[in-house]
Structures are given as structure tokens and as C-alpha cells.
Amino acid sequence: MNELDALVDSARQGFEQAATPADLENAKAVFLGKSGRITELMKGLASLSIDEKKARGAVINQAKQAIEAALNARRQALADAELDAQLKAEALDVSLPGRQAGQGGLHPVSLTLERIEGIFGSMGFDVAQGPEIESDWFNFTALNTPEDHPARSMHDTFYVEGGSDKAPNLLRTHTSPMQIRHAVQHVNRHRALLDAGETMPEIRVIAPGRTYRVDSDATHSPMFHQCEGLWIGANVSFKDLKVVFTDFCRTFFESDDLVLRFRPSFFPFTEPSAEIDIQFQSGPLAGRWLEVAGSGQVHPNVVRNMGLDPEKYIGFAFGMGPDRLTMLRYGVNDLRLFFDGDIRFLSQFQ
Ligand code: PHE
């Protein structure tokens, strides 16, 4: 092998060993740089005759071209390798299923509230909302439960600071304050009729919402839901309560195979009062009496606090527990599951 072939060979090896473009540029300098091997050889031509220059120059040029070709080949190889690595690193498996946006849904208790509103709506009931921070007056006093009344101790109340007589000072323990709030609004709206001695349109309303008591176990949560119902008119009786509530329960549970029991009870704001129990005649809950609501004929003192004459207006009220209804409907046995916010539980209701 002559000297130039050996030079080309060693250039090829040098380029081959270069693992990065920077290494390759260094290797190139050794052969093609300003004081590289080829450049040195060219400088040596100066001392030769014209003919020798021509012959020798041609051979050196060939070697130079071979080295340049090797250099370009290696450059391309390194660039290809880099692109390959990049493609591999950024590989996309287009056969994978796409990522979908998580779909939200309503909370099971919200689903129940929607059902309740729909059913009572179809019976001509309005839906009213009221404050969760309530005053002593609306939560107790106006509901025939004066300050020293022992029934107040049945409600383990969260009192808040400040407040006076009618100013907010507690978290409402039930939705019953909405009986007064809504009735007073209704009465004010029909003031002219009443003043003229005429009969006002009936009050027919439900008031769903959050309520609070100092209570916590598998069937009690310090925050829970209630839905109040109120129907007041010139001639509304306990019989109407029975019809309305029976209809509601059968529609809610989608079963006519269900009976109701009105069990005598006590509430200061109703007289007489009754707990409403239901019993399924078939299915997993068959045979057990399940308490679903408190109810009664609205007490004359409460009718008076609504701004109405109890000799002329009468009616009934009830308060039920949507959380309990949700548990019964879906077969959930621990109330706390509703308020833990565990997606694995909640997503089962979508
Ligand atoms: N407010 C009562 C309770 O929370 C329920 C009730 C409402 C009873 C309306 C009678 C009439 O227990």
C-alpha cells in the first residue's frame, strides 16, 4: 500500500471512530485542516519540477477527494443515526385508544333532589330556596318553639357568633324555617286580595336544601339534606297529605308495591304530627318499616306567624330526608359515602 492509500485509510478509520459531529470535525482537521496531512503534502509540491508537480498533485488530489467523500459519508451516517434516535425517543403508538376527557355527572343526592322536584312539580308545587345560616326566629321561635321549649334540645344545633333575635346566628337544623319564609313572601304578594277579604291562591311549595346538626355516624352526618313540603289553603286536610305523599313515594321508588304508615309523633310546629314510614311489599327491603319523613297539620301559631288567620287557612307540612331516600333507592348502607367525595363510589351513579 502506498503512502497516500495509507493516509486515506487512516482518515476513514478516524472518521469511523468519531461518534459525534464534533469528534468528526476534529478528525477532519487532522487531514484537511490548515496544517492537516493533505495540506502538508500540498506544501511539499513546491520543491518539485513542473511535470513532477502535475503527476504528484493529481495523486494527492485523488487522495483528498477520497478523504472528503469518506468525511461526507460519515457526516450523513451520523445525521441519520441522530434522526433515528430522535424518532425512537418520540415514538407514538397511533394504535392506542385516544385519551378522553373525564366525564362528570350529578351527585346521587342531587339526582334524588331532581327527582323530588320533578315529582312535586308535576303535582303543582313550587320549589323554594333559603339561607343555610338562619336566625333563631325562623329556625325555632316562629315555628312555635320558644326559647325555653324542651323541643329545642332535640336539635343539636351549630350556633354561630353574633346574631340577635332575627339576625342569623345558627346553621339551620331543618328546612322548616322555609315554611315561614316562603309563606310570608306569598302572603305579602297577595296582600291586596287578603285585605279585600278574598281568598288568596294556595301555598304549595317544596324547599330542598342542606341542613346541619351536631351528629355523626353511619346514618347521620353533621351536614345532611332535607326537603320541606308545605300546602296551605282554605280547605287542605290530612287526607291530602296522605294522597300526596303516597303518590310521591310510589312514583319516587317506581313501585305501587309499597304501603305507608302515619305513626303519631310530636313536632312543636304541627298538631297532630306523624312520622311517615314506608314498607316495600317485595324486593330486598320487603317487610321492614322505614322512616322517611316527619309531618303534620300546621299548628295555628305557625299559621299566625305566616301572617294568616288560622280560622281561615289550614294545611300540612312534611320534612323528608333525601339522603335516606337515596340510600333506600340505591341500596347504600353508609351515609358517609355520599360526602367522602370518592370518585369510585360516585361514578357508579352516572
Ligand atoms: N322539621 C322536622 C325535622 O327536621 C320535620 C317536619 C317537617 C315535621 C314538617 C313536621 C312538619 O325533624
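Residues numbered from 1 in each chain as written. Predicted model: local features only at pLDDT ≥ 70, side-chain atom pairs only at ≥ 80, totals over all residues. Heavy atoms only, no water.

In the annotation of an unreviewed UniProt entry, the protein is listed under the name Phenylalanine--tRNA ligase alpha subunit and assigned to Curvibacter cyanobacteriorum. For the protein, the Catalytic activity (unreviewed entry) comment in UniProt is given as "tRNA(Phe) + L-phenylalanine + ATP = L-phenylalanyl-tRNA(Phe) + AMP + diphosphate + H(+)". As its UniProt record puts it under Sequence similarities (unreviewed entry), the protein is described as follows: "Belongs to the class-II aminoacyl-tRNA synthetase family. Phe-tRNA synthetase alpha subunit type 1 subfamily." (UniProt positions renumbered as here; feature names shortened; annotations may be inferred.)

1. A word on the sheet that holds strand β9 (residues 314-320)
In spatial order, the strands read β1-β4-β5-β9-β8-β7-β6; together these 7 strands make up an open sheet with mixed pairing. Since the sheet does not close on itself, it has two edges, and those belong to β1 (126-127) and β6 (258-267), each with one partner. The pairing of strand β8 (residues 290-298) with β9 spans 5 bridges and is antiparallel. Within the sheet, the bridge partner assigned to Gly294 lies in β9 and is Gly319. (Pairing = 2+ DSSP bridges. Helix = DSSP H or I, 4+ residues; strand = E, 2+ residues; numbered from the N terminus.)

2. With respect to the site of the ligand
Neighbouring the ligand are 14 residues, the closest being His174, Ser176, Arg213, Gln226 and Gly319. One of the side-chain nitrogen or oxygen atoms of Ser176 is found 2.9 Å away from a nitrogen atom of the ligand. Between the ligand and the protein, one listed contact pairs an oxygen atom with a side-chain N or O atom of Gln226 at 2.9 Å. Burial of the ligand by the protein amounts to 92% of the accessible area it has alone, namely 320 Å². Of the pockets mapped on this structure, the ligand occupies the largest pocket. Those elements that place two or more of their residues in the shell around the ligand are β5 (223-233), β8 and β9. Its residues assigned to classes, the shell around the ligand shows 4 nonpolar, 8 polar and 2 charged. (Near = heavy atom within 4 Å. Polar contact = N/O pair within 3.5 Å; in protein donor to acceptor, adjacent residues only side chain to side chain. Areas by Shrake-Rupley, 256 points an atom, 1.4 Å probe, with all protein chains shown as cover. 1 Å grid on protein atoms, 1.4 Å probe; cavity = no way out; pocket = protein on both sides within 12 Å on 5 of 7 lines; lining within 4 Å. Sits in = over half its atoms within 2 Å of the grid points. Nonpolar A, V, L, I, M, F, W, Y, C, P; charged D, E, K, R; others polar.)

3. Observations regarding the state of the cysteines
Enumeration according to the criterion identifies 0 disulfides in this entry. Not part of a disulfide, Cys227 finds its nearest cysteine sulfur in Cys249, a span of 12 Å. Taking relative accessible area as the criterion, Cys227 reaches 0% and is therefore assigned buried. (Disulfide = S-S within 2.5 Å. Buried < 20%, exposed > 50% of the residue type's maximum accessible area, 1.4 Å probe, protein only.)

4. Brief notes about the domain arrangement of the protein
We note that the domain assignment places domain 1 (3-89) and domain 2 (108-349) within the protein. Each of domain 1 and domain 2 has a C-alpha centre, and these two points are 94 Å apart. (Domains from an automatic or database assignment.)

5. Here's the deal with the environment of Ala27
Take Ala27: it is sitting in helix α2 (residues 21-32). With 170 residues separating them along the chain, Ala27 and Gly197 place their C-alpha atoms 111 Å apart.

6. Considerations on empty space enclosed by the protein
Under the defined criterion, the tally for this structure stands at 1 cavity of 30 Å³ or more. Its boundaries defined by the atoms lining it, the largest cavity holds a volume of some 30 Å³. For the largest cavity, the full set of lining residues is Met178, Gln179, Val205, Ile206, Ala207, Glu228, Gly229 and Leu230. Counting only elements with at least two residues in the lining of the largest cavity, the list comes to α7 (177-189), β4 (203-212) and β5. Taken together, the residues that form the lining of the largest cavity break down as 5 nonpolar, 2 polar and 1 charged. (Points joined across faces, edges and corners; volume = space filled by probe spheres on them.)

7. Overview of the nonpolar core
Grouped together as the largest cluster of nonpolar side chains are 41 residues, with contacts concentrated most on Ile116, Phe120, Phe245, Phe248, Ile278 and Met320. For this core, the element with the highest residue contribution is helix α9 (residues 238-252), accounting for 6 residues. In this structure Ile278 touches Cys249, Phe253, Leu258, Val259, Leu260, Arg288, Trp289, Leu290 and Val292, once residues within four positions along its chain are discounted. (Core = buried A, V, L, I, M, F, W, Y, C linked by side-chain atoms within 4.5 Å. Contact = heavy atoms within 4.5 Å.)

8. Observations regarding the layout of surface pockets
Roughly 880 Å³ of internal volume is contained in the largest pocket. In this structure, the largest pocket is lined by 38 residues; those nearest its centre are Arg213, Phe224, Gln226, Glu291 and Gly319. Of all elements in the fold, only β5, β7 (270-280), β8, β9 and α11 (322-330) reach the threshold of two or more residues within the lining of the largest pocket. It is β8 that provides the largest number of residues to the lining of the largest pocket, a total of 6 residues. Size it by volume and the second largest pocket reaches roughly 260 Å³. Split by residue class, the lining of the second largest pocket holds 6 nonpolar, 5 polar and 2 charged.

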